Amino acid sequence: MTRNDDQGDGERSEGAVTTSVGSMEISRRGLIRRAGLLAGAATVAGTGLAGPFWKNSAAVAGHGAVRTPADFETHARMIMAWPYKEQNWTANILPGAQREWAGLANNISQFEPVTAMVAPGQEAAARAALGARTKVNLVTMAYDNDWTRDYVGPSVFIGGKQTLTDWYYNCYGMKFGSCEAHSQLDDAANAPLSQYLGLARRDLNYFVLEGGAVVFDGQGTCFTTESVMLNSNRNPGYTKQQTEDLLKHEFGCSKVIWLVGDPADAITDGHVDMIAQFVGAPTATQGAKVLHLTGGEPGSATYAALQENKRILQTSTDAKGRPFRLYEFNILPPTATRTGHHSYVNVTCTNNNGMMVPTLGAEPDAQALALLRSLFPEKNVVGNPMPNHSWAGGGAHCITQAIYA
C-alpha cells in the first residue's frame, strides 16, 4: 500500500465547513514524539525500571473510568476522508479508489450520518463523486490519506465523556517514501477534528498506534497483534507487558488477547482488523461474535501465522471468561492485478445493524456475502466493491472511524 505523500493548502469552499492545522503544530508533535520515544527507550533500557515509563510521564495524567465501545454499538456518525493524492495510489488507480470511497460513504449514509474530511481545493471533486443526492457532510481540513481508521481516534468514554484518543501515527513504521511529513499531517488532524465535533481530545503522542491495530468488544476485551504492536518500527524500548499495560490503562480493557498477526504483511505488518473483528455483542454465556481470517498458501509465513491466530482465538476467553463465537473466512491470494491479500473480515458495522463488506467484483464475492447473510440474519449486509483499496492493503473498516452516540 502506498499510504502517503505530498500535501497542499487552499481556500474555503462554499458548502463545506473549513478548519485547519498549522505547520507549527505538525512540527511540535514530531519533536515531542521523537523526544518521548527516545526518553522512553532510555528509561526502560538504561535504568532497568520495572514499571513502564509512561506512568512517570506528565503527558499521561490520571483519568476517570474508561470504556471503549465496540464497533457494532450505536454511532453518532462515521468519519471518513476523501482520497485525493495521486502519489498515494500508484498505477493510476486514484479515480477507482475515489469511486469506491464515494460508494461506501453513500451506502453508510443510508444507515447513519457520515462526516467526511476533504482537503482544501478538493470539495468540488468530492461532491461530484458523491452525487447530488448524497447525505454525506463535508468538512474541509488538512490531512494526507483516506485511511481514517489508523489516524483518527479511536474514541473512548472517560468518566462518561467521549474523548478522541490522539496517539502518534507514523505511517506504519515510516516504511513508505516521504512518510514523516505526511504522517505528521494525518496525525495532526485530530486536534481540529475534535474541535469540529465538540469532543475532548487526549494527547498521547509519545506512543505510536494505528486504529486498525486494536479492536474491542465493548466489555473489556481487546484484540491486537504482536507483529504490529511489538514491531521495532513502532515503539522500540517498550516490552510486551508495558504495551499491554498501556492499552489497558488508556482503553479501559481488563484483558488483551495477543494474536500473532501476520509478519509477512508488507504494508501494515498485520493489522488485527484484517485478521479478526468483533461484529456482534456478547451474551450472558457466550463471548462476542468474531469474524476471523484463515488460509493462505500452505507452508507460507502468512498461513502459519493465521493458523496460530485461529488456535489462540479458539482457546481464549473474553474478559468475562466467555468463549468467542467464531466465524472463519479464507484469505484470498494475490492475483495479477491485486498485489495484496483481500480480507472479507475487514467489515465496518453501522447503526441499524448495517454491515459494510469490502468486495472485489469477482466470483468469491457472492459466496462471501451469502455466507455472511446466513450467519447474521439480523444484519443488513451490504457489499461494497473495493478492489483498489484491497490492492492497497485495506478495506471498509480501514477507511472509516466511528464516533459513538
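Residues numbered from 1 in each chain as written. Predicted model: local features only at pLDDT ≥ 70, side-chain atom pairs only at ≥ 80, totals over all residues. Heavy atoms only, no water.

Undergrad: Mind showing me how you'd approach the overall build of the protein here?
TA: Along the protein, the regular secondary structure elements total 12 helices and 18 strands. Counting the 405 residues in the protein, one finds 60% classified as buried. Considering only residue pairs separated by 6 or more positions, the protein has 76% of its internal contacts joining residues 24 or more positions apart. (Helix = DSSP H or I, 4+ residues; strand = E, 2+ residues; numbered from the N terminus. Buried < 20%, exposed > 50% of the residue type's maximum accessible area, 1.4 Å probe, protein only. Contact = heavy atoms within 4.5 Å.)

Undergrad: Any chance you could explain the pairing of strand S12 (residues 276-280) here in plain terms?
TA: For a regular strand, side chains alternate in direction, first toward one face of the sheet and then toward the other. For S12, the tally of buried residues reaches five of five residues, placing the bulk of the element in the interior. Bridge analysis of S12 against strand S13 (residues 289-294) gives four bridges, and the strand direction is antiparallel. Within S13, the residue paired with glutamine 277 across the bridge is leucine 291. (Pairing = 2+ DSSP bridges.)

Undergrad: Can you walk me through the packing of aromatic side chains in this structure?
TA: The relation between two aromatic rings is expressed through the spacing of the ring centres and the mutual angle of the planes. A complete count under the given rule lists 13 aromatic pairs for this structure. Centre to centre, the rings of tryptophan 167 and phenylalanine 207 are 5.8 Å apart; their planes meet at 70 degrees, and the pair counts as edge-to-face. Remark: phenylalanine 207 occurs in strand S8 (residues 200-208) and tryptophan 167 occurs in strand S7 (residues 161-168); sequence separation between them is 40 residues. Neither residue differs from the other here; tryptophan 167 and phenylalanine 207 are each classed as buried. By the ring-pair criterion, three or more aromatic residues cluster together here, those being Trp167, Phe207, Phe216, Tyr238 and Phe251. (Phe/Tyr/Trp six-rings, centres within 6.5 Å; stacked < 30°, edge-to-face > 60°.)

Undergrad: Sorry if this is basic, but what is going on with the sheet that holds strand S17 (residues 380-385) here?
TA: Across a sheet, strands are paired by hydrogen bonds formed along the backbone, either parallel or antiparallel in direction. Strand order in the open sheet made by the three strands is S15-S16-S17, with mixed pairing throughout. Only two strands of the sheet have a single neighbouring strand rather than two, namely strand S15 (348-349) and S17. Here two bridges tie S15 to strand S16 (residues 354-359), and the two strands are oriented antiparallel to one another. Paired with threonine 348 across the bridge in S16 is methionine 356.

Undergrad: Would you mind going over the sheet that holds strand S6 (residues 155-158) with me for this structure?
TA: In space, the four strands of this open sheet follow the order S2-S6-S7-S8, with mixed pairing throughout. Since the sheet does not close on itself, it has two edges, and those belong to strand S2 (66-67) and S8, each with one partner. Here S2 runs beside S6; their pairing, made up of two bridges, is antiparallel. Residue pairing for S6: arginine 67 is matched across the bridge by phenylalanine 157. This element, helix H9 (residues 240-251), spans S2, S6, S7 and S8 of the sheet and lies at about 175 degrees to S8. (Axes fitted to C-alpha atoms, helices over the stretch in contact; angles between N-to-C directions.)

Undergrad: What's the story with the pairing of strand S4 (residues 114-118) in this structure? I'm lost.
TA: Burial of S4 is extensive: five of the five residues sit out of reach of the surface. Where burial is concerned, the two faces of S4 agree: the one with Val114, Ala116 and Val118 and the one with Thr115 and Met117 are both buried. Of the crossover connections in this fold, the one passing from strand S3 (residues 75-81) over helix H2 (residues 94-109) to the parallel S4 is right-handed. Bridging between S4 and strand S5 (residues 137-140) involves four bridges; their strand directions are parallel. By the bridge assignment for S5, threonine 115 is matched with asparagine 137. In the classification by handedness, the crossover that spans S4, the intervening helix H3 (residues 123-130) and the parallel S5 is right-handed. (Right-handed = clockwise from strand over helix to strand, strands pointing away.)

Undergrad: Would you mind going over the state of the cysteines with me for this structure?
TA: Cysteine pairs can be linked by a disulfide, which is a covalent bond between their two sulfur atoms. Scanning the model with the defined rule gives one disulfide in all. The disulfide bridge from cysteine 171 ends at cysteine 179, spanning 2.3 Å between sulfur atoms. When the S-S torsion is -55 degrees, as for the bridge of cysteine 171 with cysteine 179, the disulfide is left-handed. Like cysteine 179, cysteine 171 is buried. Not part of a disulfide, cysteine 222 finds its nearest cysteine sulfur in cysteine 253, a span of 4.6 Å. (Disulfide = S-S within 2.5 Å.)

Undergrad: What's the story with helix H11 (residues 364-375) in this structure? I'm lost.
TA: Because each turn of an α-helix spans 3.6 residues, side chains separated by three or four positions in sequence point in the same direction. With 12 residues, H11 extends 17 Å from end C-alpha to end C-alpha; this agrees with the ideal 16 Å at 1.5 Å per step. Restricting attention to buried positions, one finds in H11 the residues Asp365, Ala368, Leu369 and Leu372. Along H11, the residues classed as buried sweep out an arc of 95 degrees about the axis, all on the same side. Looking at H11, the residues exposed on the side facing more than 90 degrees away from the buried face are Ala366, Gln367 and Ser374. Of the surrounding secondary structure, the elements contacted by the buried residues of H11 are S13, strand S14 (325-330), S16 and S17. (Expected span 1.5 Å × (residues − 1). Arc of directions from axis to C-beta.)

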